[in-house]
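Structural overview
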Amino acid sequence: MSSSSSPMQSTGRKLKLKSKDDETFEVEEAVAVKSQIFKYMVEDGVSNGPIPLPNVNGKTLARVLQWCQKHADPTITEDELNKYDAGFIDVDQAVLYDLLMAANYLNIEELLKLACMRVADMIKGKSPDEIRRTFNIKNDFTPEEEEEVRKENAWALGP
Amino acid sequence: MVSQAAEIMGERVVDWSDFPKELWSPIGKSLDTGIDVLRFRSVCSSWRSSIPPSHPNSPRFPLQFPHPYDAFPTHLCQSTIYCIQPLDSSSTSTAATSSHIKGYLIKVQESASGKLRLLEPLASHPIRSYPRNTKTLNLLNFRIVEITKAYTLRFGSFGRAVVEDERRYRYRSVPGVNKVVMFPNSAWTNAEGCAIFVIFLDGKLGFAKYGEDKLTFVDDQRSDYDDIIVYKGQFYVVDRLGVVFWIECSSLKLVQFSPPLCGLGSRKHLVESCGALYVVDEYLDKDRGRMEGNRSYFNRRRELHNTIDFKVYKLDEEWGQWVLVKSLGDRAFILGSDCTFSVSAQEFVGCKRNRIYFMELEESRAFNLEDHCIADLAFSPDPPSWLCATNLHELILTT
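Presented here is a report on the structure given in the accompanying data block. (Residues numbered from 1 in each chain as written. Chains lettered and ligands numbered in written order. Predicted model: local features only at pLDDT ≥ 70, side-chain atom pairs only at ≥ 80, totals over all residues. Heavy atoms only, no water.)

1. Let's talk about the overall build of chain A
Each helix and strand in chain A was counted, giving eight helices and four strands. Counting helices and strands in the order they occur from the N terminus, chain A gives β-β-α-α-β-α-α-α-α-α-α-β. In terms of overall dimensions, chain A is more spread out than a globule: its C-alpha atoms have a radius of gyration of 20 Å, far above the 15 Å expected for 159 residues. The buried share of chain A, reckoned over its 159 residues, is 44%. Taking contacts inside chain A between residues at least 6 apart in sequence as the whole, the part at least 24 apart equals 59%. As displayed, chain A offers around 8600 Å² of accessible surface, 48% of which is attributable to carbon and sulfur atoms. (Helix = DSSP H or I, 4+ residues; strand = E, 2+ residues; numbered from the N terminus. Rg over C-alpha atoms; globule rule 2.2 N^0.38 Å. Buried < 20%, exposed > 50% of the residue type's maximum accessible area, 1.4 Å probe, protein only. Contact = heavy atoms within 4.5 Å. Areas by Shrake-Rupley, 256 points an atom, 1.4 Å probe, with all protein chains shown as cover.)

Printed below as a string of structure tokens:
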């Protein structure tokens, strides 16, 4: 997702959003359009009344909007943005999960990418068993797949 | 699925089984080492089907590669240096080093027969005391992290001749090749885009794209390049004076990246540590001198040069100047035969902090930055028992 080619217009127009637990948020259009969902709504002129977001709770929406705000700021440098992102995504599993779901639902590509990389960091270096325990995943391989996995994870040593 | 809802290090455990399956793909694609992709695909059925094992056109080794200064058929081998650790005995481990068992550094090289050789990371000898009757290593029993990749140039064209040589333990490295680097080299790399650089003889710099059969000379007026490294996704080369250049790959133009080091050592090495670029200046007891042509190079090599000192410099990129580093702190630098890297010493068996581990002829040595003393010790201790013992239960004879 790239910010629009024309400079950010502070039309002052705001979008009203309502989280699933009935918290309302007011956010500038220029910030909200980081989400492709809102971008299309704004372009199609459908932005009367609060937009209900039944899949996102208030706490998560607040976080997401804070991220969008930072990323819509034209004065911030790339270095500062990277530092901000590193701190932003350094959260526990539960918050990360909610952020992932929200970024996916609201179609915010950069935030989704950031969250995905964080999950990848949680996977790096671990054995498959440890990964399963971290994410509470069940081993559901068929016997054929299990055999494939066993073979792939065996280093054949030789001269 | 019963969610234990246990407090693990103060975190609520989340049940990811409801996670949208299509999101595992971008997560898997964010992993860039072959070993992490392998692990990802070994977790469960939906993860396995969400990403392929690698790019369909991944670089394949051994790779036929032009001999830098002669006409013999040669090929490039890739090795990977890993940190290997036993699984934590406790059922919950989120921190990487929560286990108090230190990791072991190994170098794994793919042989022409497809089998893997376990080598010492510094000298690249086969691990001497590794039980000979161990045929496979079951990776599911370990935590494995890739540290870096290393490349060597060997004689022989690809095929049966090389397999035969290897079976007889004849690994003939091409002499006069100082360093080979390739980039990119992640799990998702398309071989088409790979660039390979070689420093050979007295410091000539050569370049070839993956699959090319001719070497292009970079800056052929000069032959005083000491080392080359991939740093932050770009190629950097250092010359005898300690000037670091960035290489612009499409034009093979060298752009000066640092001022001269004004170090009085004879040989410069490039090392990355904690995201910063370092030059290690190696002092020899005899001046290497200027060398012209192949013959004088090999004549020179027969004179023994002893390393007597090291100085380490860090590049302060903001001010564009070199800063002398008095101590590496908890880090150790490893100057291997075909790669350089740094580690946090306390995490590894047999690794001491504030040391530079290097090769002198065929021997491994350790330089202590604190007292400038060089110890004549083997960098690689015997493989720990947990690396050997478990395999006796998994003795699988491979065809």
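2. Here we look at the overall build of chain B
A tally of helices and strands in chain B yields six helices and 25 strands. The burial tally for chain B puts 53% of its 399 residues in the buried class. Just so you have it, chain B exposes about 18600 Å², and 51% of that area is on carbon and sulfur atoms.

3. Comments concerning the pairing of strand β6 (residues 116-119) of chain B
The side chains of a regular strand alternate between the sheet's two faces. Residues and elements named next belong to chain B. Side chains of β6 alternate between two faces, with Leu116 and Leu118 and Arg117 and Leu119 buried alike. Relative to β6, strand β5 (residues 104-110) runs antiparallel, the two being bridged by four bridges. Residue pairing in the sheet places Lys107 in a bridge with Leu119 of β6. (Pairing = 2+ DSSP bridges.)

4. What about the sheet that holds strand β17 (residues 267-273) of chain B?
Residues and elements named next belong to chain B. Taken in spatial order, the four strands make up an open sheet running β17-β18-β19-β20, and their pairing is antiparallel. Both outer strands of the open sheet, β17 and β20 (321-325), are each paired with one neighbouring strand and no more. Strand-to-strand twist across the sheet, computed as the mean angle between neighbouring axes with direction ignored, equals 35 degrees. Looking at chain direction, strand β19 (residues 307-316) and β20 are connected through five bridges and run antiparallel. The residue bridging Leu315 from the neighbouring strand is Trp322, located in β20. (Axes fitted to C-alpha atoms, helices over the stretch in contact; angles between N-to-C directions.)

5. Focus on the interface of chain A and chain B
On the chain B side, the residues contacting the 41 residues of chain A number 64 residues. Our count for the chain A to chain B interface comes out at three salt bridges. As a salt-bridge pair, Glu148 of chain A and Arg48 of chain B come within 2.8 Å of each other at their nearest N and O atoms. The interface formed by chain A and chain B contains 16 residue pairs in polar contact (both at pLDDT 80 or more). (Salt bridge = Lys/Arg side-chain N within 4 Å of Asp/Glu carboxyl O. Polar contact = N/O pair within 3.5 Å; in protein donor to acceptor, adjacent residues only side chain to side chain.)

6. Considering the pairing of strand β24 (residues 363-368) of chain B
Residues and elements named next belong to chain B. Where burial is concerned, most of β24 is hidden: five out of the six residues are buried. Direction of pairing for strand β23 (residues 355-360) relative to β24: antiparallel, over a ladder of six bridges. By the bridge assignment for β24, Tyr357 is matched with Ala366. Here β24 runs beside strand β25 (residues 373-375); their pairing, made up of three bridges, is antiparallel. Each residue of the ladder has a partner; that of Ala366, found in β25, is Ala375. In this antiparallel pair of consecutive strands, β24 and β25, the connection spans four residues, and His372 shows a positive phi of 60 degrees.

What is shown is where atoms sit, not what they do.
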